[in-house]
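Structure assessment
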Amino acid sequence: MSVTFIPVDRCWVCGGTRLAPLHSALFELSEYATQDPPLSEYSGATVSIVECGECGFAQPAALPGLPNFFDRMYDQRWSDDWIEEEHRATYKDAIFADILSALDRRVPAGRRRLLDVGSHAGRFLATARKTGWQAEGLELNPKTAAFAAAATGAPIHRGNVHTFDADAAFDVVTLTDVLEHIPDPRSVIRRVARYLAPGGWIAVKVPNGPAQRIKERVRAALRPGYRPTLADNLVHVNHFSPRSLQRALEAEGFTSIAVVAGAPEMPPAAAARLIRRLAFIPARALPGALHTPLALNLQAYGRRA
Ligand SMILES: [Zn+2]
């Protein structure tokens, strides 16, 4: 049996058509052989990741034609223990604290209704609620959604941005490690903009595409046989540069946009944590460092008019 792809011929951010190949992404989905045979048939297929000559955004040259490909791939049947560990894990706490303090500075007191899109096991929601936010979640995975609701007491809406609607009901929408996973990111930004009351803020954290590509090239040079895997299975479907992230938010009507180096995840090993902290300090502080490999992640804020 052969699998199908649907070409994507325009840049999802700026509509540009000068798209140059950067990288080849490989599919390896044989673990779904029993759960979802049509999905596992994509194993061995490849698709080009192409960069827009106009805005610097990178995306796949084609998308799998299998209906609901991404929802099927993210239908992971995690164990209860693993979900509980994710809720307790501290590796993203520096990111969460950074986002909440940046929002606290921007959003007037008394406007504290927050929606976390892709709320996973609810650790960010728990932190936000402890610091005074009336935080709710939106989550596709039924198991993590149920766990997060029980663990935090927060309302967790089941679904994704295309199924959920809330007209101007929130003062803040957060998308942390979410926007890189959903095709056509401007349609996602447009949709969540509707959830915001006038003057409300969006907070987006994504990997910094150009910096991640340099990191992977360095790794490949240091380790013979290492294959860069940034886009395999199209797990990362959107690869933002600082400029293309700014442009995507502007194009959807956001103002007062700031794009800064994002706080890093903290791995368990102390040496790795130290390296990440030492890279983050200049990445955030030095002018221009946002456009260097020091800034492995991007954090953006924008205000709805
Ligand atoms: Zn573009």
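In what follows, the structure referred to is the one given above.
Residues numbered from 1 in each chain as written. Predicted model: local features only at pLDDT ≥ 70, side-chain atom pairs only at ≥ 80, totals over all residues. Heavy atoms only, no water.

Moving on to the overall build of the protein chain. Of the regular secondary structure elements, the protein chain holds 10 helices and 12 strands. Taken over C-alpha atoms, the radius of gyration comes to 19 Å for the protein chain, in line with the 19 Å a tight globule of 305 residues would show. C-alpha atoms of the protein chain, sized along the principal axes, occupy 55 × 45 × 40 Å. Taking all 305 residues of the protein chain together, 49% fall into the buried category. (Helix = DSSP H or I, 4+ residues; strand = E, 2+ residues; numbered from the N terminus. Rg over C-alpha atoms; globule rule 2.2 N^0.38 Å. Buried < 20%, exposed > 50% of the residue type's maximum accessible area, 1.4 Å probe, protein only.)

Of the positions making up helix 3 (residues 80–88), those classed as buried are Ile83, Glu86 and His87. Buried residues of helix 3, viewed axially, fall in a sector of 100°; they line one side. Those residues of helix 3 that are exposed and aimed more than 90 degrees away from the buried face are Asp81 and Arg88. Looking at the buried residues of helix 3, the elements they touch are helix 5 (123–130) and helix 6 (142–152). (Arc of directions from axis to C-beta. Contact = heavy atoms within 4.5 Å.)

The next point concerns the coordination of the zinc ion. The zinc ion binds to the protein through Cys11 (SG), Cys14 (SG), Cys52 (SG) and Cys55 (SG), with metal-donor distances spanning 2.3 to 2.4 Å. For the zinc ion, the four donor atoms in the first shell make angles of 97 to 116° at the metal, a pattern classed as tetrahedral. Mapped onto the sequence, the residues coordinating the zinc ion show the spacing C-x2-C-x37-C-x2-C. Pair noted here: Cys14 is in the loop between strand 1 (5–7) and strand 2 (19–26) and Cys55 is in the loop between strand 3 (46–52) and strand 4 (58–60), with a separation of 41 residues, a long-range link. Assessed through its relative accessible area of 23%, Cys14 is described here as partly exposed. (Donors = N, O, S within 2.8 Å, 3.2 Å for Na, K, Ca; no water. Tetrahedral: all angles 85-135°; square planar, octahedral: opposite > 155°, others 65-115°.)

Taken across its five residues, strand 6 (residues 113–117) has four buried, putting it largely inside the fold. As judged from the five bridges shared by strand 6 and strand 7 (residues 134–139), these two strands associate in the parallel manner. Opposite Arg113, over in strand 7, you have Gln134 as the bridge partner. (Pairing = 2+ DSSP bridges.)

A few words now on the packing of aromatic side chains. The full count for this structure, using the stated rule, is 10 aromatic pairs. When the ring of Phe5 is compared with that of Phe27, the centres are 5.7 Å apart and the planes differ by 55°; the resulting orientation is tilted. Of the two residues, Phe5 is situated in strand 1 and Phe27 in the loop between strand 2 and helix 1 (37–40); the sequence distance between them amounts to 22 residues. On the basis of relative accessibility, which here comes to 1%, the residue Phe27 falls in the buried class. Measuring from ring centre to ring centre gives 5.2 Å for Phe164 and Tyr195, while their planes differ by 80°; the resulting arrangement is edge-to-face. With Phe164 in the loop between strand 8 (156–158) and strand 9 (170–176) and Tyr195 in helix 7 (residues 185–195), the pair connects residues that are 31 residues apart, well separated along the chain. Residues Phe164 and Tyr195 agree in their burial class; the two are buried. Through successive ring pairs, a cluster of aromatic residues spans Phe5, Phe27, Tyr42, Phe69 and Phe70. The ring of Tyr301 has Arg106 sitting right over it, with the charged end atom 4.4 Å from the ring centre. (Phe/Tyr/Trp six-rings, centres within 6.5 Å; stacked < 30°, edge-to-face > 60°. Lys NZ or Arg CZ within 6 Å of the ring centre and 35° of its normal.)

What follows deals with the side chain of Thr152. Mapping Thr152 onto the fold places it in helix 6. By relative accessible area, Thr152 is classed as buried at 15%. A distance of 2.7 Å separates a polar atom in the side chain of Thr152 from the backbone oxygen of Ala148. From its side chain, Thr152 meets the backbone nitrogen of Ala154 in a polar contact 3.0 Å long. Not counting the four nearest positions on each side in its chain, Thr152 is found in contact with His87, Gly122, Leu125, Ala126 and Arg129. (Polar contact = N/O pair within 3.5 Å; in protein donor to acceptor, adjacent residues only side chain to side chain.)

The residue Pro155 is located in the loop between helix 6 and strand 8 in this model. The spacing of Pro155 and Leu125 is 30 residues in sequence and 9.9 Å in space, taken between C-alpha atoms. Those residues in contact with Pro155, other than ones at most four positions away along the chain, are Arg129, Ala135, Glu136 and Gly137.

The mixed open sheet is built from seven strands, whose spatial order is 8-7-6-9-10-12-11. What marks the edges here is a single partner per strand, and that holds for strand 8 and strand 11 (254–261). Across the sheet, the mean angle separating the axes of adjacent strands is 15° when strand polarity is ignored. Bridge count between strand 6 and strand 9: four bridges; the pairing is parallel. By the bridge assignment for strand 9, Leu115 is matched with Val173. Here helix 6 sits on the sheet and contacts strand 7 and strand 8; the angle it forms with strand 8, its principal contact strand, is near 160°. (Axes fitted to C-alpha atoms, helices over the stretch in contact; angles between N-to-C directions.)

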